[in-house]
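Report on the structure
As a plain string of letters, each chain reads:
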Amino acid sequence: MKKVMVLALVACSTFAYAQKGKTVNLFDGKTTKGWHTWHETTVKGWHVMDGILMTHGGNGDLVTDKEYEDFELTFEFKAAPKGNSGVIYKVLETPEAQASYMSGPEYQIIDDKNYPSPIKDVQKTAANYDMQVPADLTVVKPAGQWNTGKIIVKDNHVEHWLNGKKMVEYEYGSTDWQVMVARSKFANWEFAKAHAKGKIALQDHGDMVSFKSIKIKEL
């Protein structure tokens, strides 16, 4: 009996490990399964058309049902002309939280060239929003064209990639990170309290934005 139990535990452990390192679709190309609108139980306003997940704005952020800690997230995105959005991670969807970006770092998505309000380099595409400037401001493709993004989080080391090039890296929760937070607009929000895991949110900033090929591998 003991031998059977040991074998079962080994099998379960092997299965869990295999699943952890497996790349899975966060968006199946057909439905919004696995997601919900911020502070809702269902999805409102976001829709799927021809394999593309999109919103025309004003519907609230789209948030994963599941929380993630260490992961590699890849996605394709397209900002509308003059549009603004982002991918936010380590999101804490607490009842009192007013917005997803108040608790988690943001991979910025925006029309760098034609956004109607002046923006700083720290607010441009692939930035660690309001914290770090992208390494190369020429890599992003113009609004209306597809870009490929990647976010890696492993043992508090974080990287933002854009179209195959690393744009940002930092140590989440480190002394340097705390200094950056203190200088940002996040200083007095939940963002400033480093936490192990959270949900992933696609930001609805009021503009049209499109996503496809959203995949994640838990590390």
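What comes next is a walk through the structure. Being a predicted model, the structure only gives us computed values, none of them experimental.

Observations concerning the nonpolar core
In this structure, Leu73, Val87, Phe211 and Ile214 are the most contacted members of the largest nonpolar core, which totals 40 residues. Considering each element in turn, this core owes the most residues, five residues, to strand S6 (residues 71-79). Look past the residues within four positions of phenylalanine 211 in its chain and what remains in contact with it is Phe27, Trp46, Ile52, Leu53, Phe75, Glu76, Phe77, Ser85, Val87, Ile109, Trp146 and Leu202. In terms of nonpolar packing, the next biggest core, distinct from the first, is built from six residues, Trp38, Val63, Ala97 and Ala201 among them.

Digging into helix H2 (residues 175-183)
All of the buried residues in H2 are Trp177, Met180 and Val181. Relative to the axis of H2, the buried residues are bounded by an arc of 100° and lie together on one face. In H2, the exposed residues that point more than 90 degrees away from the buried face are Thr175, Asp176, Ala182 and Arg183. Buried-residue contacts for H2 involve strand S11 (165-171).

Some thoughts on the side chain of histidine 195
Tracing the sequence through the fold places histidine 195 in the loop between H2 and strand S12 (199-202). The class of histidine 195 is buried, set by a relative accessible area of 14%. A polar contact is formed between the side chain of histidine 195 and the backbone oxygen of serine 103, at a distance of 3.3 Å. Sequence-distant contacts of histidine 195, defined by excluding residues within four places in its chain, comprise Lys90, Leu92, Ser103, Tyr172 and Glu190.

Reading the values: the criteria
Residues numbered from 1 in each chain as written. Predicted model: local features only at pLDDT ≥ 70, side-chain atom pairs only at ≥ 80, totals over all residues. Heavy atoms only, no water. Core = buried A, V, L, I, M, F, W, Y, C linked by side-chain atoms within 4.5 Å. Buried < 20%, exposed > 50% of the residue type's maximum accessible area, 1.4 Å probe, protein only. Helix = DSSP H or I, 4+ residues; strand = E, 2+ residues; numbered from the N terminus. Contact = heavy atoms within 4.5 Å. Arc of directions from axis to C-beta. Polar contact = N/O pair within 3.5 Å; in protein donor to acceptor, adjacent residues only side chain to side chain.

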